[in-house]
Protein chains: 2
Amino acid sequence: MSLPPTLSKFLSRYAMAVDSFMRDHVRGMPETLYKAGMHLVRAGGKRLRPAIVMLFARALGGVEAEYQAIPLAAAVELFHNFTLIHDDIIDRDEYRRGVPTTHVVYGEPMAIVAGDLLHAEAFRAIYRALDYGLEADVAARALELLAWAAKRVSEGQALDMMFESTWDVTARDYLDMIYLKTGALIEASAAMGALVASGDESYIEAARQYGRLVGVAFQIRDDYLGVYGDPSKTGKPVYSDLRRGKKTILVLYALEHLPSEKAERLKSLIGREGASEEELEEAAALIRESGAPKYAMDLAMEMARNAASILDELPIEDSRAAEALRELASFVVEREK
Amino acid sequence: MSLPPTLSKFLSRYAMAVDSFMRDHVRGMPETLYKAGMHLVRAGGKRLRPAIVMLFARALGGVEAEYQAIPLAAAVELFHNFTLIHDDIIDRDEYRRGVPTTHVVYGEPMAIVAGDLLHAEAFRAIYRALDYGLEADVAARALELLAWAAKRVSEGQALDMMFESTWDVTARDYLDMIYLKTGALIEASAAMGALVASGDESYIEAARQYGRLVGVAFQIRDDYLGVYGDPSKTGKPVYSDLRRGKKTILVLYALEHLPSEKAERLKSLIGREGASEEELEEAAALIRESGAPKYAMDLAMEMARNAASILDELPIEDSRAAEALRELASFVVEREK
């Protein structure tokens, strides 16, 4: 599915605003450090997280709130890119967004520091929001949200790593983990937008819920695309999750629902660096046979629908922005990349 | 030199307050992640940076400011420990504070994430300062200071790494680098203390200058101890800086001042993983022969004296805290560990 029309217009406008903020503020010496930090940022990305910040700000607070949200949107995008750099080191991933990953180009030590730089720049951007007219107490709340998400993301990343070396993981554990690793930052993004638009805690809570659902649905789709996606679209090598033995919801559901012989066969095929393309294709076929892809996508779509319905309960000031948020909820579960 | 008397009393009291804050706030699941994050924190450390925050707050603002500074002091200590975890990965250091480093105990992936967690916890602590009665605009300024230091530390770390693979480094480059890598965080620590005590920009600027001088002097002493220190006191293996070919001020001064034959000999001895103890002893002797240790320590002591004299110009509310800050300036250049 290509980008829905209303969302598409907002995305390109927001990407420009956020990229321009990042270009202006993320600079310094030595040049190599900043080039390493901005390597993946420059390689592309849909800028979905900053769009969620800005769309919530606009939907609930109009164009003034939308403007004040720019630094917070940039903060979220910088933070996200920091996590990508470190995740790629940890997962030994060599390609992302169709380019070699940061540690492949700049070496691991520089990539560690480049990630740390973006982590710092994300928090620095929160302070810069004062220049955009944000009140100090709102900036302090935004700091709390980003720091809260940062803590959760570390926890999710640690769990994700720990799951790789054990079979003792349930689908529930998996959903909790991806909530931490992916959902929390999207939750914080939505909350930041609502925060800038309004101090009303019930709106912020509703936005959080939207972000949580969209975030988990997004990750389920990501895991689906990791097995059944087209590498020329996703920009990631095919089957790398299976090769590494990631316990995604697809794998966990399949192991629970396949007859034991086939489940054992699936276990024996995944999680081996040396597995052949044919073996991984067989694994993907076994997973499909279990009904896992349908189960996972049904679950993700239900979450996306619930997220969209949250918008019906909010006092919408800008209906186009709310429409884009509805489109975004569907898009994350229908996207091909 | 052991700890001076007034400083010593403050250090142990502050260490308790800051450690207790960290114990209460840095918790969560999975346990392994939090244990990895707190591994070096628990192993010891002098807690000099948090003491600088709290001493400045008390010296300029009395005990109320001192209390409000606790979360900021913890933020600085958490940030410092995050940098240690990542630096040890980058430098492949296996011991610190007399214990195996985080990545040696928990593996490199977990150590990367544990560092990221402490980085996040540092910023989260800034927000928590609101619970200690800090105003939101002061917390926002503290956020700016920590984020500014975080950016500088990344830059310094990147330069430090880049210097390892080139001889084209001057003593000036080195001093600029250690200002970024070590001085900036100590500068931010002093500034945070002054900020909590008073909104007066000239006091904050004076505190920054104290921190900058003490920070650079501290690092010069660190580099000195890396060659001439007693490993049983420093907790670090002897000569590891020489073995890795770190371009410290000692090495740079020696290369500039030794006759060319001896300078070439020195170059040939350092920066080789396989160098023998005897070769590194010879390198240390050549450096001493050049007068570098005396030059470096004279420079550091002058900085420490200048730092102490800054306190004479400030409106001191608590003279014991000011005395401890004077002692601290001398201590950083006279310490054996």
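That block above? That's the structure.
Residues numbered from 1 in each chain as written. Chains lettered and ligands numbered in written order. Predicted model: local features only at pLDDT ≥ 70, side-chain atom pairs only at ≥ 80, totals over all residues. Heavy atoms only, no water.

Observations concerning the interface of chain B and chain A
Then, number 1: Between chain B and chain A, the residue contacts involve 45 residues of the former and 45 residues of the latter.
Then, number 2: A buried area of about 3,500 Å², summed over both sides, lies between chain B and chain A, and 75% of it is on carbon and sulfur atoms.
Then, number 3: On the chain B side of the interface with chain A, the three residues burying the most area are Tyr127, Leu143 and Lys151 of chain B, jointly 16% of the side's total.
Then, number 4: Scanning the region where chain B abuts chain A turns up 2 salt bridges.
Then, number 5: Salt-bridge contacts for lysine 151 of chain B lead to glutamate 121 of chain A; the nearest nitrogen and oxygen are separated by 2.4 Å. (Contact = heavy atoms within 4.5 Å. Buried area = accessible area lost by both parts, 1.4 Å probe. Salt bridge = Lys/Arg side-chain N within 4 Å of Asp/Glu carboxyl O.)

Points about the relation of the copies chain B and chain A
Then, number 1: Between chain B and chain A, the superposition needs a rotation of 180 degrees and an axial shift of 0.0 Å, giving an RMSD of 0.0 Å. Taken together, these values place the two copies in the relation of a two-fold axis. When each C-alpha of chain B is compared by its distance to the rotation axis, alanine 136 of chain B comes out closest, at 2.8 Å.
Then, number 2: Taken as a fraction of all interface residues of chain B, those also at the interface in chain A reach 100%, which identifies the copy contact as same-surface. (Least-squares fit on C-alpha atoms with pLDDT ≥ 70 in both.)

Remarks on the environment of tryptophan 167 of chain B
Then, number 1: Of note, tryptophan 167 of chain B is situated in the loop between helix 7 (136-164) and helix 8 (171-197).
Then, number 2: Between the alpha carbons of tryptophan 167 of chain B and lysine 247 of chain B there is a distance of 8.0 Å; along the sequence they are 80 residues apart. (Helix = DSSP H or I, 4+ residues; strand = E, 2+ residues; numbered from the N terminus.)

Looking at the packing of helix 12 (residues 249-257) of chain A against helix 15 (residues 292-310) of chain A
When two helices pack together, their arrangement is given by the angle between the helix axes and the distance between those axes.
Residue and element names in this part refer to chain A.
Then, number 1: Remark: helix 12 packs on helix 15, axes separated minimally by 9 Å, with the N-to-C direction vectors making an angle of 125 degrees. Comparing the axis directions of helix 12 and helix 15 gives the class oblique. Here the hand of the crossing between helix 12 and helix 15 comes out right-handed. Contacts between helix 12 and helix 15 involve Ile249, Leu250, Tyr253 and Ala254 from the first element and Ala292, Pro293, Tyr295, Ala296 and Leu299 from the second.
Then, number 2: Residue composition of the contact of helix 12 with helix 15, grouped by class: 9 nonpolar, no polar and no charged. (Axes fitted to C-alpha atoms, helices over the stretch in contact; angles between N-to-C directions. Parallel < 35°, antiparallel > 145°, perpendicular 65-115°, else oblique. Left-handed = near helix turned anticlockwise from the far one by under 90°. Nonpolar A, V, L, I, M, F, W, Y, C, P; charged D, E, K, R; others polar.)

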